[in-house]
Amino acid sequence: MHRVPGTPRSSDSTPDLTAPLRSAKSACGGASGALGKLVPWAALFLLVFGASYVGLLDRGFQLLRESWRDFSLCKGVLGEAEDLRSLLKATRALERKASQIPRLREELHEFESQLRALSSDAHGRARRAVGEVLRSYAGKGIATWSVQKMLKELMDQVDEDGVRRPDYALQSAGARILHARTSRSYRHPGGSHFLGPIKMFPFVKSANAILQPDRSPGSCWPFPGRQGEAVVKLAAGIIPTAVTIDHISKNISPTGEISSAPKEFAVYGFKEAGEEDGAFLGQFVYDAEGNMAQTFELKGNSSRITNYAKLEVLSNWGNPKYTCVYRFGVHGDLGHG
C-alpha cells in the first residue's frame, strides 16, 4: 500500500491516549512524595498536642524536674561526703600531732633538767674556785674574818648571777609573812636573850627570815618537826613561773651537816588571803648535795594572778627536831588586774 506523499502515516495519525495518564501519574507521584514528608511531622504534632491535652507532657516535665532534683541532691550529698572525708583526714592528722605532745613535753623537761645540771655544775665549780683562791690568801697574812667576808660577798654575787630573775618574795621589796597562816617558829633550848646575867626570853627566829637574802649560818627560819608551812604576801600580783629555795651547804655549816634542810615541798598560789584551797603549782625536792640556791620551774600552767604564795614543807633531810629554811623566793611575770 502506497502512501500519498504529504499525508501522515496511520500510526502517526493515531492519537496518543496514554500521555494524559502519564502526566497525572507524575503529578500524583510528586504529591505523594510531599505528603510522605508531611505525615511524620503531622503525626508528631498530633502526638504532642494529644499529650498536652491529656496532661502527659506536663507529667513528663515534672518527672524530668524530679530526676534533675534527685541528681542535684545526690551531687550535694556526694560533695558533703567528700568534705566529711577531708575533715576526718584532718582530724586524724591532728590526733597524730596531739599524741606527740606528751613525748615532746618529756623531752623538753629532760632538756631543762640537763641544762640545770650543767648550770649547777658550772655554778659549783665557780664557787669552789673562788673559795680556794680566797683561802689561799688567808695563808698570806690576810685576816680570816676579812677572807670570810670577801668569800660571802662573792658567793652571793655568784648565786645572784645563777638565779637571774626578779624575786617578789623579798621583804625589802614589800613582801610580808601572813603569821596567822604560818607555822610557829622553833624555840631552840640552847638559845636565849639575856639582860646581863638575867635570862629574859628564849631566842626565836621569825619566819620573816625567809624573805631576806642572808645565808649566814643560823640566819634561817626554823619550825618544829619535819613539816610546816608559810604563807607570803607577795610584793606584787604576778603570774608565777618559778620558786627558789636557799639553804647553807655542808661546807659552811658549823656542824658539817645540813639534816635540817627541807627535802620535799609543795607550792600553792592564792589570789585572796582568805582562800582555803589555792592553786597547786608543783611539788619538788631540794637537793642537799646541790647548790645553796636551787630554782624550780612551776608546772601548774596557772594563768591567774597570784598575790599570795604558800610554801608547804613535807619532809627534811633527817633532823627530827626542826627544819630550817633560809630563803623562799617567788619569780614570775607581772600581772594586770
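Everything quoted here is computed from the prediction, not taken from an experiment. (Residues numbered from 1 in each chain as written. Predicted model: local features only at pLDDT ≥ 70, side-chain atom pairs only at ≥ 80, totals over all residues. Heavy atoms only, no water.)

Next up on the list: the overall build of the protein chain. Helix and strand counts for the protein chain stand at four helices and 11 strands. Looking at the protein chain as a whole, 28% of its 337 residues are labelled buried. If you take every contact in the protein chain between residues at least 6 apart in sequence, the share linking residues at least 24 apart comes to 75%. Approximately 22,500 Å² of the protein chain is accessible, and the part contributed by carbon and sulfur atoms is 59%. (Helix = DSSP H or I, 4+ residues; strand = E, 2+ residues; numbered from the N terminus. Buried < 20%, exposed > 50% of the residue type's maximum accessible area, 1.4 Å probe, protein only. Contact = heavy atoms within 4.5 Å. Areas by Shrake-Rupley, 256 points an atom, 1.4 Å probe, with all protein chains shown as cover.)

What follows covers the environment of Arg 327. As for its placement among the helices and strands, Arg 327 is situated in strand β11 (residues 327-334). Sequence spacing of Arg 327 and Leu 170 is 157 residues, and the spatial spacing of their C-alpha atoms is 9.2 Å. Discounting residues that sit within four places of it in the chain, Arg 327 has contacts with Asp 167, Leu 170, Ile 210, Pro 213, Thr 244, Ile 245 and Asp 246. Within the structure, Arg 327 has its side chain in polar contact with the side chain of Asp 167 (distance 3.0 Å). (Polar contact = N/O pair within 3.5 Å; in protein donor to acceptor, adjacent residues only side chain to side chain.)

With that settled, the discussion passes to the pairing of β11. Where burial is concerned, most of β11 is hidden: six out of the eight residues are buried. Where strand β5 (residues 228-246) and β11 come together, eight bridges link them in antiparallel fashion. Within β11, the residue paired with Asp 246 across the bridge is Arg 327. (Pairing = 2+ DSSP bridges.)

Let us now look at the environment of Pro 222. Mapped onto the secondary structure, Pro 222 falls in strand β4 (residues 221-224). Separated by 38 residues in sequence, Pro 222 and Ser 260 have C-alpha atoms that sit 8.6 Å apart. Apart from residues lying up to four places away in sequence, Pro 222 is in contact with Arg 184, Ser 185, Tyr 186, Lys 205, Tyr 322, Thr 323 and Cys 324.

Once that is clear, we can look at the packing of aromatic side chains. One pass over the structure, following the stated rule, counts six aromatic pairs. Plain terms: the ring middles of Phe 284 and Phe 296 are 5.4 Å apart, the flat faces sit at 35° to each other, and that makes the pair tilted. Of this pair, Phe 284 sits in strand β7 (residues 279-285) while Phe 296 sits in strand β8 (residues 293-297), placing them 12 residues apart in sequence. For Phe 284, a relative accessible area of 9% gives the class buried. Of note, Arg 181 hangs over the ring of Phe 270, and the distance from its end group to the ring centre comes to 4.9 Å. For Lys 233, the ring lying beneath its charged end belongs to Tyr 308, and the centroid distance is 5.6 Å. (Phe/Tyr/Trp six-rings, centres within 6.5 Å; stacked < 30°, edge-to-face > 60°. Lys NZ or Arg CZ within 6 Å of the ring centre and 35° of its normal.)

Okay, a positive patch on the surface next. A surface patch of like charges, here positive, comprises Lys 89, Arg 92, Arg 96 and Lys 97. Examined against the element boundaries, Lys 89 turns out to sit in helix α3 (residues 56-138). (Patch = residues over 30% accessible without salt bridge, like charges linked within 9 Å, V, L, I, M, F, W, Y side chains within 5 Å. Salt bridge = Lys/Arg side-chain N within 4 Å of Asp/Glu carboxyl O. Lys, Arg positive; Asp, Glu negative; His and termini not counted. Charge placed at Lys NZ, Arg CZ, Asp CG, Glu CD.)

Here the protein chain shows a mean pLDDT of 75. Residues at 70 or above account for 54%. Per-element confidence in the protein chain ranges from a low mean pLDDT of 43 for strand β2 (residues 192-195) to a high of 97 for strand β1 (residues 176-177). In the model, residues 192-201 has pLDDT below 50 throughout and makes 13 contacts with residues more than four positions away in sequence or in other chains. (pLDDT = per-residue confidence, 0-100.)

All chains considered together, the criterion is met by seven salt bridges. Across the salt bridge formed by Glu 297 and Arg 165, the nearest N and O atoms sit 3.1 Å from each other. Placement of Glu 297 in strand β8 and of Arg 165 in the loop between α4 (144-163) and β1 is noted, with a sequence separation of 132 residues between them. Look at Arg 165 and you get partly exposed, because its relative accessible area is 32%. Residues Arg 215 and Asp 246 are paired through a salt bridge, measuring 3.0 Å at the closest nitrogen-oxygen approach. One end of the pair, Arg 215, is in the loop between β3 (198-202) and β4; the other, Asp 246, is in strand β5, and 31 residues separate them in sequence. For the pair formed by Arg 215 and Asp 246, the shared burial category is buried. Overlapping salt bridges bring together Asp 167, Arg 215, Asp 246 and Arg 327 as one network.

With that out of the way, let us pick up the environment of Gly 329. Within the fold, Gly 329 resides in strand β11. As for Gly 329 and Val 243, which are separated by 86 residues in sequence, their C-alpha atoms are 5.4 Å apart. Those residues in contact with Gly 329, other than ones at most four positions away along the chain, are Asp 167, Ala 169, Ala 242, Val 243 and Thr 244.

All right, on to the nonpolar core then. Within the largest apolar cluster, 36 residues are counted, with the highest numbers of intra-cluster contacts made by Ile 210, Val 232, Val 243, Phe 265, Phe 328 and Val 330. For this core, the secondary structure elements donating two or more residues are β4, β5, β6 (264-270), β7, β9 (306-313), β10 (322-325) and β11. The leading source of residues in this core is β5, at six residues. (Core = buried A, V, L, I, M, F, W, Y, C linked by side-chain atoms within 4.5 Å.)

A few words on a nonpolar patch on the surface. Together, Leu 84, Leu 87 and Leu 88 give the surface a local cluster of nonpolar side chains, amounting to about 280 Å² of exposed area. Examined against the element boundaries, Leu 88 turns out to sit in helix α3.

The subject of this paragraph is the side chain of Thr 323. Structurally, Thr 323 can be placed in strand β10. In terms of polar contacts, Thr 323 uses its side chain to reach the side chain of Asn 316, at 2.9 Å.

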